[in-house]
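One letter stands for each residue in the lines below.
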Amino acid sequence: MSELTNLGVKDIRDGVARGDFTAREVAESFNAAVEEASALNAFIVTTPDHALAAADRVDADRATGKDLGVMAGVPIGMKDLFCTHGVQTTAASRILEGFEPQYESTVSSNLWVAGAGMLGKLNMDQFAMGSSNETSHSGNVVSPWRRNDGGNTPMSPGGSSGGSSAVVAGRIAPAATGTDTGGSIRQPAAFAGIVGVKPTYGRCSRWGIVAFASSLDQAGPMARSVEDCAVMLGAMAGFDPKDSTSLDMPVPDWAGGLDANLAGKKVGIPREYVMEGTDQAILDSWERGKEWLRDAGAEIVDISLPHTKYALPAYYIVAPAEASSNLARYDGVRYGLRDLPDGAGLQDMYAQTRETGFGDEVKRRVLIGTYVLSAGFYDAYYNQAQKVRALVARDFEQAWAECDLILAPTTPTASFPLGDKSDDPLAMYLNDVFAVPASLAGLPAMSVPAMLNGDGLPLGLQLVGKPFDEQGVLNAGLAIEQRAGFEAQPEKWW
Ligand code: GLN
């Protein structure tokens, strides 16, 4: 039965529907894989019973001839940023230790309605702040990938959705949810040789997702194929009156609309994305990407996104500003941890709870955010960053006069050893230099595996589309996937 864990979303769903195997058999196989994989530290909580109960419902529905949902029988990993009813949700922070939400996030609820089950809550960077999974209170996730040098240097799965990327790459889950504020779906997907999609801002409801930077946060699927991501995104997306920024638009049938013929499409290559410090192998993968898209019928055109170099600094003002406001709610009263020293007053409890509960990176962000929002600095930093954000968005709007899609690398480097950048926040932030512009502009974007570098580590290519054009992004991703023939998978050492 172990080969069931090699199957992806669509193959599981179709196999269950045909009766090739039962949903229970699938859930049992993946539950066993989860149990075996503790060395990766990818789960904060495992929920084998949730996966089994969902599977039993699907098997019962099938037996009685009921319609099955698009995710029927598919057990998935759930990033620990999604509130799950009665199941501890911590955002990988000590401050939420023991917090069991009394509600279910809209996205996870949509997935359960579509027939998915939950294998567990996935480890991540604390409050989704990080690019290597090292800011988690639950310890870092170890990538299933290793360099091909015969050594066993533990590598980063990327972040913040590093538990998600690790389990999908390691065939411990066929798919997982991720969230992307400034690259946290795309960068870990690239590091782990899987596909990750950040839809247009507003496609997936943010309701019940622990907030980091609300004007940027978006949920999306991570899986091993473009088609699986299209299926899962279809189940996750949809209008939600409980999120005021939710898009009130129909959800297209992205999976049904997949078409790798790009005839008539123009793909822009932003000249400002050629940056110092980018690995040669990344540049090579970009060249191949252009060839693949040309081969699929697209025309490749040079474009300019002139404000690119200001996007990262603007992001690291806007995101911390929003985070400092969102994280004000963790006061020791309402959620999780309460640190109440003997004889302490209310103010001491707030301060002590936050001192004990937040990790260093989270504190750094809260301090930066509070600073850039403070009277006297607001205009110099926050307002200025908002203006830069508008200019970055305008760059894209102008580019759409010349192209339908944009192709770029997802990251400037492949995965790096754990610990390599953890003492250097700026080096860490640079991971997202190619991902952040699309986040600031709210555009749909994805990472799709391209090739391995000389160290045997995966590299991803990024596609960015016009607002609401997830279909165009997925189609170009499919064209790359079909030509890249990326079959590599990590050798099982755990
Ligand atoms: N790595 C970026 C950060 O630390 C992006 C995180 C994210 O997208 N959640 O802010």
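Residues numbered from 1 in each chain as written. Predicted model: local features only at pLDDT ≥ 70, side-chain atom pairs only at ≥ 80, totals over all residues. Heavy atoms only, no water.

**Some details on the overall build of the protein chain**
Helix and strand counts for the protein chain stand at 15 helices and 11 strands. For 494 residues, the compact-globule estimate of 2.2 N^0.38 gives 23 Å, and the C-alpha radius of gyration of the protein chain, at 21 Å, lies within 12% of that figure. Projected onto its principal axes, the C-alpha coordinates of the protein chain cover approximately 65 × 55 × 50 Å. Across the 494 residues in the protein chain, those meeting the buried criterion constitute 60%. Of the contacts formed within the protein chain by residues at least 6 apart in sequence, a portion of 77% connects residues at least 24 apart. Carbon and sulfur atoms provide 48% of the accessible area of the protein chain, an area that totals close to 18100 Å². Charge separation in the protein chain, taken as the distance between the mean sites of 40 positive and 61 negative side-chain charges, equals 3 Å. (Helix = DSSP H or I, 4+ residues; strand = E, 2+ residues; numbered from the N terminus. Rg over C-alpha atoms; globule rule 2.2 N^0.38 Å. Buried < 20%, exposed > 50% of the residue type's maximum accessible area, 1.4 Å probe, protein only. Contact = heavy atoms within 4.5 Å. Areas by Shrake-Rupley, 256 points an atom, 1.4 Å probe, with all protein chains shown as cover. Lys, Arg positive; Asp, Glu negative; His and termini not counted. Charge placed at Lys NZ, Arg CZ, Asp CG, Glu CD.)

**As for the site of the ligand**
Lining the immediate surroundings of the ligand are 15 residues, of which G182, S184, Y315, R365 and D432 lie closest. Note that an oxygen atom of the ligand is positioned 2.9 Å from one of the backbone N or O atoms of G130. Protein contacts shield 100% of the accessible area of the ligand, which totals 290 Å² for the unbound molecule. Split into classes, the residues belonging to the shell around the ligand amount to five nonpolar, seven polar and three charged. (Near = heavy atom within 4 Å. Polar contact = N/O pair within 3.5 Å; in protein donor to acceptor, adjacent residues only side chain to side chain. Nonpolar A, V, L, I, M, F, W, Y, C, P; charged D, E, K, R; others polar.)

**What about the pattern of salt bridges?**
Applying the stated criterion to the full structure yields 20 salt bridges. Note that R483 is salt-bridged to D295, the shortest N-O span being 2.7 Å. Linking R483 in helix α15 (residues 470-484) with D295 in helix α8 (residues 280-295), this pair joins segments that are 188 residues apart in sequence. Taking relative accessible area as the criterion, R483 reaches 27% and is therefore assigned partly exposed. By relative accessible area, D295 is classed as exposed at 56%. Between R364 and E361 there is a salt bridge, and its shortest N-O distance comes to 2.3 Å. With R364 and E361 both in helix α11 (residues 360-373), this residue pair falls three residues apart, about one helical turn. Given the relative accessible area of 11%, E361 is considered buried. Three or more residues are tied together by salt bridges with common partners; here these are K10, R13, D14 and E227. (Salt bridge = Lys/Arg side-chain N within 4 Å of Asp/Glu carboxyl O.)

**Some words on the packing of aromatic side chains**
Taken as a whole and assessed by the stated rule, the structure comprises 16 aromatic pairs. Summarising the aromatic geometry, the rings of Y371 and F377 are spaced 4.4 Å apart at their centres and angled 25 degrees between planes, so their arrangement reads as stacked. The exposure class of Y371 is partly exposed, given its relative accessible area of 38%. Counting every residue linked through ring pairs, the aromatic cluster contains F99, F127, Y330, Y335 and F358. Positioned above the aromatic ring of W493 is the side chain of R146, whose terminal nitrogen or guanidinium carbon lies 4.0 Å from the ring centre. (Phe/Tyr/Trp six-rings, centres within 6.5 Å; stacked < 30°, edge-to-face > 60°. Lys NZ or Arg CZ within 6 Å of the ring centre and 35° of its normal.)

**Considerations on the nonpolar core**
In this structure, M71, I76, L111, F127 and L293 are the most contacted members of the largest nonpolar core, which totals 155 residues. Per-element accounting of this core gives the leading share, 10 residues, to helix α9 (residues 308-326). With near-sequence residues (within four places) excluded, L111 lies in contact with M71, I76, M78, A116, T177, M232, A235 and M236. (Core = buried A, V, L, I, M, F, W, Y, C linked by side-chain atoms within 4.5 Å.)

**Here's the deal with the side chain of S29**
With respect to the element layout, S29 can be found in helix α2 (residues 23-36). Here S29 falls in the buried class, since its relative accessible area comes to 9%. A distance of 2.9 Å separates a polar side-chain atom of S29 from the backbone oxygen of E25.

**Quick notes on the packing of α9 against α11**
Taken N-terminus to C-terminus, the directions of α9 and α11 make an angle of 100 degrees; their axes are 7 Å apart at the nearest point. Overall, the two elements α9 and α11 adopt an arrangement that is roughly perpendicular. Contacts from Y316, I317, P320, A321 and S324 of α9 reach α11 at R365, V366, I368, G369, T370, V372 and L373. Its residues assigned to classes, the contact of α9 with α11 comprises eight nonpolar, three polar and one charged. (Axes fitted to C-alpha atoms, helices over the stretch in contact; angles between N-to-C directions. Parallel < 35°, antiparallel > 145°, perpendicular 65-115°, else oblique.)

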